[in-house]
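# A look at the structure
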Amino acid sequence: MKVKNILFFGLFLVLIWIGLSNINKSTENLDIDRVKNSLDTALISCYSVEGHYPENIQYLKKYYGFTYDINSYFITYDWQGDNIYPNIYVYRKGNEV
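Residues numbered from 1 in each chain as written. Predicted model: local features only at pLDDT ≥ 70, side-chain atom pairs only at ≥ 80, totals over all residues. Heavy atoms only, no water.

## Examining the overall build of the protein
What counts, and what does not: Secondary structure elements follow DSSP: runs of H or I no shorter than four residues count as helices, runs of E no shorter than two count as strands, and numbering proceeds from the N terminus. When a residue's accessible area, from a 1.4 Å probe over protein chains only, is under 20% of the maximum for its type it is buried; when over 50% it is exposed; and in between it is partly exposed. The criterion used for residue contact is that any of the two residues' heavy atoms lie within 4.5 Å. Shrake-Rupley sampling with a 1.4 Å probe provides the accessible areas, and residues are treated as covered by the protein chains on show and by no other component.
When helices and strands are counted, the protein shows 2 helices and 2 strands. Counting helices and strands in the order they occur from the N terminus, the protein gives α-α-β-β. The burial tally for the protein puts 21% of its 97 residues in the buried class. Partitioning the contacts of the protein with sequence separation of at least 6, the portion at a separation of at least 24 is 41%. For the protein, the exposed area adds up to about 7,300 Å²; of that, 59% sits on carbon and sulfur atoms.

So, in structure tokens, the structure goes:
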């Protein structure tokens, strides 16, 4: 009877650990989506006001209030022209791609 209780408790702990791990991954994905949506909003605002997309993210930070945690995220911003929506990729630092 004692062995069954220990096995049940061990299984219970493993299931809790797996659940918490999944919650953490889900939260990280939501954070990446928030940064990307914030960048999209700043880009659309810039294009609406000025009629072109900026050449770099620094412009959006300076004039459109775009901010993100530079220590946690890496953003690639591939500008291809004034009227072409740039390719944007947001990665969480420390995670494999």
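## So, the nonpolar core
Defined as follows: Residue types Ala, Val, Leu, Ile, Met, Phe, Trp, Tyr and Cys, when buried and joined through side-chain atoms within 4.5 Å, form a set referred to as a nonpolar core.
Ranked by size, the top nonpolar core spans 15 residues in total, and within it Leu 39, Leu 43, Leu 60, Phe 66, Ile 75, Ile 88 and Val 90 carry the most contacts. Mapped onto this core, the elements with two or more residues apiece are helix 1 (2-50), helix 2 (57-64), strand 1 (73-78) and strand 2 (87-92). Top contributing element to this core by residue count: helix 1, with 6 residues. Not counting residues up to four positions away in its chain, the partners in contact with Leu 39 are Leu 60, Phe 66, Ile 75 and Ile 88.

## Thoughts on the side chain of Ser 72
Convention followed: In the analysis that follows, any N or O atom pair within 3.5 Å is treated as a polar contact, provided that within protein one partner can donate a hydrogen and the other can accept it, and provided that, for residues neighboring in sequence, both atoms belong to side chains.
For Ser 72, the position within the fold is in the loop between helix 2 and strand 1. Among the polar contacts made by the side chain of Ser 72, one reaches the side chain of Asp 69 at a distance of 2.7 Å. With residues up to four places along the chain from it excluded, the contact list for Ser 72 reads Tyr 91, Arg 92 and Lys 93.

## What about a nonpolar patch on the surface?
What counts here: Only residues whose relative accessible area exceeds 30% and that take part in no salt bridge are eligible for patches, with like-charged residues grouped when within 9 Å of each other and nonpolar side chains (Val, Leu, Ile, Met, Phe, Trp, Tyr) grouped when within 5 Å. Basic side-chain nitrogens of Lys or Arg form a salt bridge, by our definition, when they fall within 4 Å of a carboxyl oxygen of Asp or Glu.
Taken together, Leu 11, Val 14, Leu 15, Trp 17 and Ile 18 make up a surface patch of nonpolar side chains, about 530 Å² in accessible area. Mapped onto the secondary structure, Leu 15 falls in helix 1. A residue is classified by how much of its surface remains accessible, and Leu 15, at 53% relative accessible area, is exposed.

## What about the side chain of Asp 40?
Along the chain, the position of Asp 40 falls in helix 1. Within the structure, the side chain of Asp 40 is placed 2.5 Å from the side chain of Tyr 85, a separation counted as a polar contact. Residue contacts for Asp 40: discarding those within four places in its chain leaves Tyr 85 and Ile 88.

## A word on the packing of aromatic side chains
For any pair of aromatic rings, geometry is given as the distance between the ring centres together with the angle between the planes. We count it as follows: Each Phe, Tyr or Trp ring (for Trp, its six-membered ring) is paired with any other whose centre lies within 6.5 Å, and the angle between the two planes then decides the class: stacked below 30 degrees, edge-to-face above 60, tilted in between.
All told, the structure shown has 5 aromatic pairs when counted by the stated rule. Ring centres of Tyr 53 and Tyr 85 lie 5.3 Å apart, and the angle between their planes is 85°; on these two criteria the pair is classed as edge-to-face. Note that Tyr 53 is positioned in the loop between helix 1 and helix 2 and Tyr 85 in the loop between strand 1 and strand 2, a separation of 32 residues in sequence. Overall, Tyr 53 belongs to the buried group, its relative accessible area being 11%. Summarising the aromatic geometry, the rings of Tyr 59 and Tyr 64 are spaced 6.4 Å apart at their centres and angled 40° between planes, so their arrangement reads as tilted.

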